[in-house]
Amino acid sequence: MPQIRLMGSDSAAVQRTADAVVRALRAWPETRVGDVSSPVPNRRGSGCRIYIEVLADVATDGVEVTVERDDQAQPEQRPARRRALPSGRAQLGR
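Residues numbered from 1 in each chain as written. Predicted model: local features only at pLDDT ≥ 70, side-chain atom pairs only at ≥ 80, totals over all residues. Heavy atoms only, no water.

### Some thoughts on the overall build of the chain
Scanning the chain from N- to C-terminus turns up 1 helix and 4 strands. Ordered by position from N to C terminus, the α and β elements of the chain give β-α-β-β-β. Counting every position in the chain, which comprises 94 residues, the buried fraction comes to 16%. Relative to all contacts within the chain whose residues are 6 or more apart in sequence, the contacts with residues 24 or more apart total 56%. Within the structure as shown, the chain displays about 8,700 Å² of accessible surface, and the carbon and sulfur contribution to it stands at 49%. (Helix = DSSP H or I, 4+ residues; strand = E, 2+ residues; numbered from the N terminus. Buried < 20%, exposed > 50% of the residue type's maximum accessible area, 1.4 Å probe, protein only. Contact = heavy atoms within 4.5 Å. Areas by Shrake-Rupley, 256 points an atom, 1.4 Å probe, with all protein chains shown as cover.)

### Details of the nonpolar core
Core analysis: the largest hydrophobic core is formed by 10 residues, namely Leu6, Val14, Ala18, Val22, Leu25, Val33, Cys48, Ile50, Ile52 and Val54. Among the secondary structure elements, those contributing two or more residues to this core are α1 (11-27) and β4 (48-56). When near neighbours in sequence (up to four residues on either side) are disregarded, Val33 contacts Val22, Leu25, Arg26, Ile52 and Glu53. (Core = buried A, V, L, I, M, F, W, Y, C linked by side-chain atoms within 4.5 Å.)

### Focus on α1
In a regular helix each residue adds 1.5 Å, so 17 residues correspond to 24 Å; α1 covers 24 Å between its end C-alpha atoms and thus fits that length. Where α1 is concerned, the buried positions are Val14, Ala18, Val22 and Leu25. End-on, the buried residues of α1 take up no more than an arc of 70°, which puts them together on one face. Seen from the buried face of α1, the exposed residues on the opposite side, beyond 90 degrees, are Arg16, Arg23 and Ala27. Packing partners of the buried residues in α1 comprise β1 (3-8), β2 (31-36) and β4. The backbone nitrogen of Ala12 has a side-chain oxygen 3.2 Å away, supplied by the residue at the start of α1, namely Asp10. (Expected span 1.5 Å × (residues − 1). Arc of directions from axis to C-beta. Polar contact = N/O pair within 3.5 Å; in protein donor to acceptor, adjacent residues only side chain to side chain.)

### With respect to the pairing of β4
In this structure, β1 lies alongside β4, joined through 6 bridges in antiparallel fashion. In the sheet register, Met7 faces β4, and the bridge partner there is Arg49. Examined bridge by bridge, strand β3 (residues 40-41) and β4 share 2 bridges and lie antiparallel to one another. Note on β4: the bridge partner recorded for Pro41 is Cys48. Here β3 folds back onto β4, and the loop between the two strands holds 6 residues, one of which, Gly45, carries a positive phi near 80°. (Pairing = 2+ DSSP bridges.)

### Points about the side chain of Arg49
With respect to the element layout, Arg49 can be found in strand β4. Buried charge without a partner: Arg49 forms no salt bridge, and the closest opposite charge is Glu53, 14 Å away. A polar contact is formed between the side chain of Arg49 and the backbone oxygen of Pro41, at a distance of 2.9 Å. Side-chain polar atoms of Arg49 contact the side chain of Tyr51, separated by 2.9 Å. Setting aside anything within four residues of it in sequence, one finds Arg49 in contact with Arg5, Leu6, Met7, Ser37, Ser38, Pro39, Val40, Pro41, Asn42 and Arg43. (Lys, Arg positive; Asp, Glu negative; His and termini not counted. Salt bridge = Lys/Arg side-chain N within 4 Å of Asp/Glu carboxyl O.)

These figures capture arrangement, not role.
This is the structure:
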């Protein structure tokens, strides 16, 4: 079964993040949330891990959904290309 593993050195932050992820997955019509584990202490260091089982909902009738983030900076526009100066000295109309 597909799982999401959230882990970090701050147990409270991991729990808050897991709660937010579970709410978002449950609100999404194409996913079903299975078991959510209790916090498991990290093997090394402080903090914990939380596992979330995620199932694709088969009742989507093959509809494909693409999600794009809008919080990322847009790529910068490249400035217009400048042409090279002609060889030799430029005539200044004197």
